[in-house]
Amino acid sequence: MPQQSPDRRTTDRCTPHRRTTDRPTTVLTVTADSLVAADFGPRRKAPGPRRKSGAGTPYRRLFTIPGTLAFTIGNLIARLPMGMFSISAVIMIAGARDSYALAGAVTATGLAATAAVAPWTARLVDRYGQARIAVPATAIAALGSLALLLCVRYGAPDWTLFAAYAATATTPNTGGMSRARWAHLLKGDPAGLHTANSFEQAADELCFMLGPVLAAFLCGTFFPEAGTLVGAVLMLTGVLLFAAQRATEPPVRGRPRTASKSLPHAPGMPPLLIGFLATGAVFGSMEVVTIAFADAQGHRSAAGVILALQAAGSGAAGLLYGALKPPGPAERRYPWSLAAMAVLMSGPLLAAMLTGSLVVLAGALLVAGMATAPTMVTAMTLIQRRTPEGRLNEGMTLAVTGLLGGIACGSAAGGWMVERASAAAGYGIPVAAATVALLIALVTRRLDCQTRALG
């Protein structure tokens, strides 16, 4: 390095804090084959792009995309009634006909009809567009709800209740349509899509937590049909608002080349759908067993609050999971999420068997719910990746159908265990179902690794 002149060194020592903007601070020197410039001036941070205000969190960045806030609000309004209809129907039918058996049979018929019809509705949405299919499908479902209300109100024969509630099966998968919009808008941005999927899962938990509470309040405060009536109005209004946001709607690509193939048999889909079935059994059995356990303790009305805590834990974990950047691919994270769910689901079992306390059980369910959202977010991400292009709504609706089937099976298994053993022992069903889902994921991953090694 070249030596500075004595005058300059003295000046620099005497005025160390003085800014010397009036003279150069760069010294030139010649090496063997090049000219070197040494800059002794004060270091300044290089100017960079300004960060927009409000872009500090992943969720706020999501809603800087034009149109996303509008379609999200409409979708949340349409999704809230999904947690209202079943309990509203049970309260309305049981109150008018004095038969919980009839009320349960009617709602079970509606669930079975939805599982059969929903994939066809989703396929039409993929083929013709969300607005063209979702609006008329929702109108038919709303008319079915109103028909059920009138049949109950005016004492129509029992068979009309089954027919009317079956008509609600055309309700489109609003959560799936919202996820499809995010997948379209965030194509090529896996981190952003992870955050969007986490937000959607938290929204699901919120709606299924608030829906039953709102339905019970409306039916109990006003009249038994109020929950069904308000739910139908909210659903239709929300879908109309959602469908009006055409700028964010995924483009229609016509009939996809994979349309003739069975989507449940697409590569990687069967084990995922079976996993959704087992996960649904966790939810269905947990609900029935918790109601039975609270009833056995003499506090049946507390069951709704306890289950709401589980949903709250899941929603909070989903929001946190979306704000983070989980390491590794989704294929690797999925078994770990299921393992966490299987372990945490043992908490309610231990709380019920060892303490018999509703307070301890509530805390255990709050913690257990924290594994639900990460599992569902990761599974939905895998569904999106393995669904052929142009059939995304159908793929996600098949996942929801698997969940519904699992909920029905889990409810039956949980009720059987409660009657044959005890309500506390019934919490073994969610643990067993989560373990089955984990084993399926582990076996599938091992087979995939062996296939890649041989290939």
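1. Structural notes on the side chain of Thr375
Then, in step 1: Along the polypeptide, Thr375 turns up in helix H16 (residues 372–386).
Then, in step 2: With relative accessibility at 1%, the residue Thr375 sits in the buried group.
Then, in step 3: Not counting the four nearest positions on each side in its chain, Thr375 is found in contact with Tyr334, Ser337, Leu338 and Met341.

2. Things to note about the layout of surface pockets
Then, in step 1: Considering only enclosed or pocket space, the second largest pocket measures out at about 1000 Å³ in volume.
Then, in step 2: The wall of the second largest pocket is formed by 45 residues, among which Ala183, His184, Leu186, Lys187 and Leu193 lie closest to the centre.
Then, in step 3: Elements with a contribution of two residues or more to the lining of the second largest pocket: helix H2 (58–62), helix H5 (100–128), helix H8 (174–185), helix H9 (190–221), helix H12 (303–323), H16 and helix H17 (392–420).
Then, in step 4: Ranked by the residues each element gives to the lining of the second largest pocket, the list is headed by H9, at seven residues.
Then, in step 5: Its residues placed into classes, the lining of the second largest pocket shows 19 nonpolar, 15 polar and 11 charged.

3. Considerations on the confidence of the model for the protein chain
Then, in step 1: Mean pLDDT over the protein chain stands at 82; residues scoring 70 or higher make up 85%.
Then, in step 2: A low-confidence stretch, residues 1–55 stays under pLDDT 50, and its non-local contacts, those more than four residues away or across chains, total 34 contacts.

4. Some points on the environment of Ser285
Then, in step 1: If you trace the backbone, Ser285 turns up in helix H11 (residues 269–296).
Then, in step 2: For the pair Ser285 and Gly426, spaced 141 residues apart in the sequence, the C-alpha separation amounts to 7.7 Å.
Then, in step 3: Excluding residues within four positions of it along the chain, Ser285 makes contact with Gly410, Ser411, Gly414, Ile429 and Pro430.
Then, in step 4: In terms of polar contacts, Ser285 uses its side chain to reach the backbone carbonyl oxygen of Ala281, at 2.7 Å.

5. Describing empty space enclosed by the protein
Then, in step 1: Evaluated as defined, the whole model comprises one cavity of 30 Å³ or more.
Then, in step 2: Space inside the largest cavity adds up to approximately 60 Å³.
Then, in step 3: Ala118, Thr121, Ala122, Val125, Thr171, Pro172, Asn173, Gly176, Met177, Asn393 and Thr397 together form the lining of the largest cavity.
Then, in step 4: Those elements giving two or more residues to the lining of the largest cavity turn out to be H5, H8 and H17.
Then, in step 5: Examining the composition of the lining of the largest cavity, we find that four residues originate from one element, H5, more than from any other.
Then, in step 6: A breakdown of the residues in the lining of the largest cavity according to their chemical character gives five nonpolar, six polar and no charged.

6. Here's the deal with the packing of aromatic side chains
Then, in step 1: Summed over all chains, the structure comprises seven aromatic pairs.
Then, in step 2: Plain terms: the ring middles of Tyr59 and Phe199 are 6.5 Å apart, the flat faces sit at 55 degrees to each other, and that makes the pair tilted. With Tyr59 in helix H2 and Phe199 in helix H9, the pair connects residues that are 140 residues apart, well separated along the chain. Comparing Tyr59 with Phe199, the two get one shared label, buried.
Then, in step 3: Between the aromatic rings of Phe217 and Phe222, the centroid separation amounts to 6.3 Å while the plane-to-plane angle is 90 degrees, which identifies the pairing as edge-to-face.
Then, in step 4: We note Arg181 situated over the ring of Phe71; from NZ or CZ to the ring centre the distance is 5.6 Å.

7. Considerations on the packing of helix H3 (residues 68–79) against helix H10 (residues 226–243)
Then, in step 1: The geometry of H3 relative to H10 is characterised by a closest axis approach of 7 Å and an angle of 160 degrees between their N-to-C directions. Judged by the inter-axis angle, H3 sits roughly antiparallel to H10. The two elements H3 and H10 meet at a crossing, and its hand is left-handed. Contact with H3, carried on its side by Phe71, Gly74, Asn75, Ile77 and Ala78, involves Leu234, Met235, Gly238, Val239, Leu241 and Phe242 of H10 and no other residues of that element.

8. Topic: the pattern of salt bridges
Then, in step 1: Enumeration according to the criterion identifies nine salt bridges in this entry.
Then, in step 2: Salt-bridge contacts for Asp204 lead to Arg179; the nearest nitrogen and oxygen are separated by 2.9 Å. Here Asp204, found in helix H9, pairs with Arg179, found in helix H8; they are 25 residues apart in sequence, far enough to count as distant.
Then, in step 3: Taking the relative accessible area as the measure of exposure, Arg179 reaches 3% and is therefore buried.
Then, in step 4: The network of salt bridges with shared partners includes Arg79, Arg179, Glu200 and Asp204.

Rules behind the numbers
- Residues numbered from 1 in each chain as written.
- Predicted model: local features only at pLDDT ≥ 70, side-chain atom pairs only at ≥ 80, totals over all residues.
- Heavy atoms only, no water.
- Helix = DSSP H or I, 4+ residues; strand = E, 2+ residues; numbered from the N terminus.
- Buried < 20%, exposed > 50% of the residue type's maximum accessible area, 1.4 Å probe, protein only.
- Contact = heavy atoms within 4.5 Å.
- 1 Å grid on protein atoms, 1.4 Å probe; cavity = no way out; pocket = protein on both sides within 12 Å on 5 of 7 lines; lining within 4 Å.
- Points joined across faces, edges and corners; volume = space filled by probe spheres on them.
- Nonpolar A, V, L, I, M, F, W, Y, C, P; charged D, E, K, R; others polar.
- pLDDT = per-residue confidence, 0-100.
- Polar contact = N/O pair within 3.5 Å; in protein donor to acceptor, adjacent residues only side chain to side chain.
- Phe/Tyr/Trp six-rings, centres within 6.5 Å; stacked < 30°, edge-to-face > 60°.
- Lys NZ or Arg CZ within 6 Å of the ring centre and 35° of its normal.
- Axes fitted to C-alpha atoms, helices over the stretch in contact; angles between N-to-C directions.
- Parallel < 35°, antiparallel > 145°, perpendicular 65-115°, else oblique.
- Left-handed = near helix turned anticlockwise from the far one by under 90°.
- Salt bridge = Lys/Arg side-chain N within 4 Å of Asp/Glu carboxyl O.

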